[in-house]
Amino acid sequence: MPVHRGRQAHDERRREEEMIDAPPAPVEQPQEATLFKHRYGVEAPVPIPPIELEHVCFLRRWPTEKGGLGRYRHFRNMTKMIWPEVQWNPWLCDQIRELCNDDTAVITGDVYIKTVSMTGAAAAGKSFASGFFAVAWWRCAPMESCVVVCSTQKDMLKKRVWDPISNFHVTATNRGKLHQVGRLIDSRTKIVWEDALRSDEKHGIFGLAVAGGETMKAVQEIKGIHARRVMVIVDEAEATPEAIFEAIPNLRKGCNEFILVVLGNSVSHMDPHGIICT
């Protein structure tokens, strides 16, 4: 028995010495991820279909220095695929170009803040352009975006900005087939983000009446909205209570992108719309 134990101990010491003297196992080099090269100098680990590529470039505001076209031209390309029937008149071009203009935005690191005020006569296309831009902007990242559309009364909201918003939602296409993103609840003037697994009422497009007895209710709803991307459209701004404008800064908390669009007919330099314009 002692001889057996001594031989066993000797074999264990020998194995330990061999392990110490043995060269280290070769380190496996990490395999480089395959990147697909797309138009505009975009690289990604997966192939990106043309419409999604335009979405990505619009979201990133892909500049010409990197091979992109700038936000406005990517918006044009994107929306021509989704709504090919839209007629681009000079007034619509000017409004969308300004909504995409980085030169009039405040950009601090990854935070993008922009305010656009439009004034003009009735039937000038302000509501159409704003609703068009809002739906396209939201569709690019619906699961992390929120659009708030304010007007004085519910009936006016449905007749003005909400009309093009709901129309663009139901007529959107992808590769020639209808392709609606989210679920329209027209009776409540809202479009909510929804997929096969869940419905998310925190992210979507929400129409609010803000005048008369609806003001404080609207203020509380605005204060409760938080998302990484937020857009606010204030229609009939000359008649919108100041409490609504005072609640809007709360929406900027935690945002990476915040856009305020103010629409109205010129009445006075002293009403809310006039103050923002000046």
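Everything below is about the structure printed above this text.
The structure displayed is predicted, hence computed values, not measured ones.

Trainee: Teacher, can you tell me more about the overall build of the protein here?
Mentor: A tally of regular secondary structure across the protein gives ten helices and twelve strands. Out of the 278 residues in the protein, the part that is buried amounts to 45%. Long-range contacts, defined as pairs at least 24 residues apart, comprise 64% of the intrachain contacts of the protein with a sequence gap of at least 6. With an accessible surface of roughly 15,400 Å², the protein has 54% of that area assigned to carbon and sulfur atoms.

Trainee: Any chance you could explain the nonpolar core here in plain terms?
Mentor: It is characteristic of soluble globular proteins that their nonpolar side chains tend to be buried jointly. Among the nonpolar cores identified, the biggest contains 44 residues, and Phe75, Trp83, Trp88, Ile96, Phe132, Phe133 and Ile205 are the most heavily contacted of them. The element best represented in this core is helix α5 (residues 126-139), accounting for eight residues. By size, the runner-up hydrophobic cluster in this structure holds 25 residues, among which are Val230, Val234, Leu251 and Leu260.

Trainee: Please clarify how the packing of α5 against helix α7 (residues 162-171) should be interpreted in this entry.
Mentor: Relative orientation and spacing of two packed helices are given, respectively, by the angle between their axes and the distance between those axes. In contact at an axis separation of 8 Å, α5 and α7 are set at 40° when each is read in the N-to-C sense. One way to sum up the angle between α5 and α7 is to call them oblique. You can see that α5 and α7 cross each other, and the crossing is right-handed. The segment α5 lies against α7, with Ser127, Phe128, Gly131, Phe132 and Val135 engaging Pro164, Ile165, Phe168 and His169. When the residues that make up the contact of α5 with α7 are grouped by side-chain class, the tally is six nonpolar, three polar and no charged.

Trainee: Just to check I follow, could you spell out the pairing of strand β10 (residues 199-209) for this structure?
Mentor: As a general feature of sheets, a regular strand has side chains that alternate between the two faces. Taken across its eleven residues, β10 has eight buried, putting it largely inside the fold. For strand β9 (residues 190-194) and β10, the ladder comprises five bridges, and the chain directions are antiparallel. Within β10, the residue paired with Lys190 across the bridge is Phe206. Linkage of β9 to β10, two consecutive antiparallel strands, is achieved through a turn of four residues.

Trainee: Hey, could you run me through the packing of aromatic side chains in this one?
Mentor: To describe a pair of aromatic rings, you give the distance between the ring centres and the angle between the ring planes. All told, the structure shown has eleven aromatic pairs when counted by the stated rule. Look at Phe58 and Phe133: their rings are 6.2 Å apart centre to centre, the planes differ by 70°, and that puts the pair in the edge-to-face class. Of the two residues, Phe58 sits in helix α2 (residues 50-60) while Phe133 sits in helix α5, which places them 75 residues apart along the sequence. You'll find Phe58 and Phe133 in the same group, each marked buried. The structure contains a cluster of three or more aromatic residues connected by ring pairs, namely Phe58, Phe75, Trp83, Trp88, Phe128, Phe132, Phe133 and Phe168.

Trainee: How should the pattern of salt bridges be read in this particular structure?
Mentor: If the charged atoms of two oppositely charged side chains come close together, the side chains can form a pair. Applying the stated criterion across every chain yields a total of nine salt bridges. Lys190 is paired through a salt bridge with Glu201; the nearest N and O atoms lie 3.2 Å apart. Residue Lys190 is located in strand β9, and its partner Glu201 is located in strand β10; the two are separated by eleven residues in the primary sequence. The buried category is assigned to Lys190, whose relative accessible area is 11%. One connected set of salt bridges, linked through shared partners, spans Arg71, Arg229 and Glu257.

Trainee: Would you explain helix α4 (residues 90-99) in this entry?
Mentor: Those residues of α4 that sit buried are Leu92, Cys93, Gln95, Ile96 and Leu99. Those residues of α4 that are buried are in contact with α3 (71-82), β4 (111-119), α5 and β12 (257-264). Structurally, the start of α4 carries an N-cap: the backbone nitrogen of Trp91 is 3.1 Å from a side-chain oxygen of Asn89.

Trainee: Would you explain the pairing of β4 in this entry?
Mentor: Side chains Tyr112, Lys114, Val116 and Met118 of β4 all project onto a buried face; the interleaved residues Val111, Ile113, Thr115, Ser117 and Thr119 project onto a face where none is buried. Where strand β3 (residues 105-108) lies against β4, four bridges are found, and the strand directions are antiparallel. Across the sheet, the residue bridging to Thr108 is Val111, located in β4. Here β3 hands over to β4 after two residues, with Gly109 in that stretch at a positive phi of 65°. Note: β4 against β12, eight bridges, orientation parallel. Among the inter-strand pairings, Val116 is bridged to a residue of β12, identified as Val261.

Trainee: Could you clarify how one ought to interpret the packing of α3 against α5 in this entry?
Mentor: Across the interface, α3 lies against α5 with an axial gap of 11 Å and an inter-helix angle of 90°. Here α3 is positioned roughly perpendicular relative to α5, judged by the angle of their axes. Listed contacts from α5 to Arg71, Phe75, Met78, Thr79 and Ile82 of α3 are Phe132, Phe133, Ala136, Trp137 and Arg139.

Calculation notes
Residues numbered from 1 in each chain as written. Predicted model: local features only at pLDDT ≥ 70, side-chain atom pairs only at ≥ 80, totals over all residues. Heavy atoms only, no water. Helix = DSSP H or I, 4+ residues; strand = E, 2+ residues; numbered from the N terminus. Buried < 20%, exposed > 50% of the residue type's maximum accessible area, 1.4 Å probe, protein only. Contact = heavy atoms within 4.5 Å. Areas by Shrake-Rupley, 256 points an atom, 1.4 Å probe, with all protein chains shown as cover. Core = buried A, V, L, I, M, F, W, Y, C linked by side-chain atoms within 4.5 Å. Axes fitted to C-alpha atoms, helices over the stretch in contact; angles between N-to-C directions. Parallel < 35°, antiparallel > 145°, perpendicular 65-115°, else oblique. Left-handed = near helix turned anticlockwise from the far one by under 90°. Nonpolar A, V, L, I, M, F, W, Y, C, P; charged D, E, K, R; others polar. Pairing = 2+ DSSP bridges. Phe/Tyr/Trp six-rings, centres within 6.5 Å; stacked < 30°, edge-to-face > 60°. Salt bridge = Lys/Arg side-chain N within 4 Å of Asp/Glu carboxyl O. Polar contact = N/O pair within 3.5 Å; in protein donor to acceptor, adjacent residues only side chain to side chain.

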